[in-house]
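So the chains spell out like this:
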Amino acid sequence: MPLGKKTQRLNSPSILSELGSTGERTRQTSGLGCLGEKVTDDSSASRRVGVSEDRKEQPEWLVRELLKQNRRRHSVTLGDKAQIMRQQYQHSIDSTHSLKGEFCTNMLQEYKEKEEAARRSKQVAFTLPATMKALCHGIPIINICSTHDGTIITVREDGAVCYWSPELKLQRTKHMFNDGPANRKSKWASDFTLMTEYNKLMIGTGDREIQLYELSTLEPYCQINTLDTVPLTLDYGYTGSDKCCILYGDTEGCVNIILVSSVADTLRLWNKLPKIENMPNIAIDNAVLFPSVTFVRWKVHQDWVTQAKYLPSFQAVISSSSEEASSLVIGCVLPLTDAEQQLSEIREACYEGKTKKVQLSWTPQLRASCDQTVFTIYKGVKTFDLCQKHSLLVTGGMDRLIRMWNPHFSGKPTGILKGHSAPIIYLCISSEDSQIFSVSIDSTVKIWDIQDQCCLFTADPKATGIHGDISACSYSPAMKSLYTAADCMAVLSLKIRPQLCSRLNVSHNEPIMCCGYSEEFRQVVSCTEGSVVKVWDFDTGRQVFEFGGTHDLSAITCMTFDPKGRRLITGGREGCLKIWNFNNGQCLKTLKKDGECHEVCDCIFLKVHGNSYVMSVGQDRKIDIYSDIPEDPHHIQRPRPSWQDDLKNGHKGDILCVTHCPPSLLATSSYNGEIIVWNVVSGRIQTRFVSPLPDKHQNVKGLDTSVPSMIFLKNSKLQQFSSTTALLTSGAMGYINLWNVLSGGKFVSSFKASRFQQKITKLAKTDKDILYAADRIGYIYVYDTETFALDAEQKPPRAENFWRAHTSRVTGLQIVDNDQVVLTSSMDFTVRLWSAHGEFIGTFGQSESWSVHISSSWMHPAVPYEVLIDPLSMPDHEILKVKTCLSDVINPDKTEADMEELKSETHTELRLPPTSISGTDIEED
């Protein structure tokens, strides 16, 4: 190659600038080979090496010429490669961080939903508003107690005792105090408690008395008088065989304890003593002389005692006060150092007949520091409770905080519950439910979880209806109810979940409103009345995931999937749609109208000319259409403008159902029985018709004409429907109506699908147009659509098979063609899977898992237990007929003629377990 040409091509300032490092870099790149230029010219190589080794000895012009002959490298150099690697590494780091961030977000979302699911399992609430009973007096109730049978007992300050039923129906009232002499006022009650083991009611009075009455008759029994102080707060504890402890706190901060052995005999003796004001009476000075009585008075607080209790499990007394220094004290009943001596004296007096010599001293004793545990709490304690099961002490007072303590250590609380905005006046620990009930002075009631130390439920005065100053509270574990006394008596009852039989398997703890199947993930999704969504593994029946509160705790009324089955769309009673990633419970988008929203009854996902839309119908009687744009950054999305035909000529009743027939047909049905077929492209009404009534029920008033389910049929084998489209709709009295949609829209025929004349609530079909229909009492019917009649004169189709899947209304019905199974859900709390022939595979959530393709793992030939024992599953037989027949149970409003017809059509053999029914059996029916 001529040098001139070579020089002309390589003449570049960048080459000259490399003069000082050319040789060294040449040697490095030659050694690396794959990253540098491959050397093919040996002479050139030797010349370059020469330049490198003897660069100082060569003339400048030769160096320049040699440099010109050194070809410029167009491959990647070591430095360039390092830079690219650094860029790639940084990009890899950025990608990894992005993936990690996305992974962490998903994990946090999943953890949050699992935590929410755990919280829902502990969910508790009161039935609101409270049940109220007006009080026709202004005298406060001092305390509330409940008996083992649920009877509620209250005592007013004026001594009136009232017995109430658990529902606050007044059963009995009696005034216990007689009016005193004219020169002094009547007595007033300070507190009361029950001695249930001895059938006694004990009242403390402002006259420094402790009075006992028969609990059953409220007759006076005896009293202890001339106490040194007023018993502000009373308590009683059964300490052993015929032994008890009576204690009261007073205005001097003392805790007074009366220990009684041989209680029954002692009380009988007191009952024989002389009466004062019609009450057998004994002075406390004389009572302590009895061998069976021991009296102790402890100086515990420097302020009034706000509450005092005897703790049998701890054999101790706990008392509280409003002072900070000794806000709450847990102390021994007797001095530990003198306990043996005192017990010895009592034993000698009881069994050796010696006279007990006791000089009662009202001078209070001080416990040794080792005999008590003192809790110092800011602003003191108004109320407390203690639970041995959880080894938990809770305190509340003026500072509005609930403190949780280990009762054996007074250093620091183990937890603090914040939430009340007013002083706390009542606390109760429900040990069996691991919950704490609290009431503040502003009538706010809260329920707390002990383990999570969180608030589970709050009821404010507006919600409960409780008004006035609360004077007494009591929680009844037997009735699961909280009773309060203010301007009126009120009871807040816990919402109790139904106690299901141990043999019953349920998928949810509440009615299920809808269900669906995602082919993409092979998962089943079910939604409930309480807005809980559960995701199930289709192949095993195991729960995969759960999230809830999706519609502000209002019912989820409908659901659908996008065409790929990756996103879930739900509609709720509060009137909006939500789009979910149902694998982690993330709400992707909310579809909502402006202004007032009404309940969404049905929703579908449809594609028109390549565009995707979400469509919903409901109680606003309009069709709402939302464009599906996943990349739209706005979380709240509004609907497209309504069709003009919909605004002017649409439904006059609530729209219950919508179904799509690609490419352009859409049908909607309403509560009043009207069905409208739309052209989804133009938005114009194509035809409309009203569901006909069966011939035998033309004149029946109040008949349910609503159309809760519809389905399009496009089957070339369907008689004379090869060039048109058929529409099946549910009708009155369990009928299914068949319509010809395209030929002007006309009624073709109808047939009775439900053997019990119950409304068909769901319709579904297979790819081969086998129709499945579900009714309101849980039956599934199977029909071959090729046998459908063209007119009423031809023989109506017969069910090829039927079985009872649920004991209540079927709310979900879907055919999974690839696996030849049927998915159902119901208001009876269950989601179930069946073979196409009605064989029971299992209930989602049951303890035993199944395999869809291994029939030996199915529950078949067993059937759901509640279906088996339900009266409507029984055969119609003469021996079972009594005054109330099967038809009366199903529909008590039928006429006699209808009942006779129903009896004749009731199948004569038990159809359970569900199996295929032969043609002979059907003909016999």
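Note that this is a predicted model, so its numbers are computed, not measured.

Thoughts on the pairing of strand β38 (residues 600-608)
In terms of residue burial, β38 counts as a mostly covered element, since eight of its nine residues are buried. Alignment of β38 against strand β39 (residues 611-618), held across eight bridges, turns out to be antiparallel. Residue pairing for β39: V608 is matched across the bridge by N611. Linking β38 back to β39 in an antiparallel pair, the connection comprises two residues, with H609 at a positive phi of about 55°.

A closer look at the nonpolar core
In terms of nonpolar packing, the biggest core is built from 26 residues, with M202, I210, L212, I258, W270 and I284 touching the most fellow members. Where this core is concerned, the elements lending two or more residues are β8 (209-214), β9 (220-225), β10 (233-240), β11 (243-249), β12 (254-261), α7 (263-271), α8 (284-287) and β14 (293-299).

With respect to the confidence of the model for the protein
Per-chain confidence: the protein averages 82 in pLDDT, with 76% of residues scoring 70 or above. Counting contacts from residues 72-78, a segment whose pLDDT is below 50, to residues more than four positions away or on other chains yields 14 contacts.

Notes on the pairing of strand β7 (residues 200-205)
Burial within β7 is extensive, with six of its six residues counted as buried. The side-chain alternation of β7 yields two buried faces, one formed by K200, M202 and G204 and the other by L201, I203 and T205. Judged from the six bridges that link them, strand β6 (residues 189-195) and β7 form a sheet pairing that is antiparallel. Looking at β7, one finds that T193 is bridged to M202. If you look at the hairpin formed by β6 and β7, you'll find four residues sitting between the two strands, and N199 has a positive phi there, around 55°. Pairing between β7 and β8: six bridges, direction antiparallel. Across the sheet, the residue bridging to M202 is L212, located in β8.

Section: the side chain of T570
Position of T570 among the secondary structure elements: in strand β35 (residues 568-572). Residue class for T570 comes out buried when judged on its relative accessible area of 1%. One polar contact links T570 to W580, side chain to side chain, over a distance of 3.0 Å.

Rules used throughout
- Residues numbered from 1 in each chain as written.
- Predicted model: local features only at pLDDT ≥ 70, side-chain atom pairs only at ≥ 80, totals over all residues.
- Heavy atoms only, no water.
- Buried < 20%, exposed > 50% of the residue type's maximum accessible area, 1.4 Å probe, protein only.
- Helix = DSSP H or I, 4+ residues; strand = E, 2+ residues; numbered from the N terminus.
- Pairing = 2+ DSSP bridges.
- Core = buried A, V, L, I, M, F, W, Y, C linked by side-chain atoms within 4.5 Å.
- pLDDT = per-residue confidence, 0-100.
- Contact = heavy atoms within 4.5 Å.
- Polar contact = N/O pair within 3.5 Å; in protein donor to acceptor, adjacent residues only side chain to side chain.

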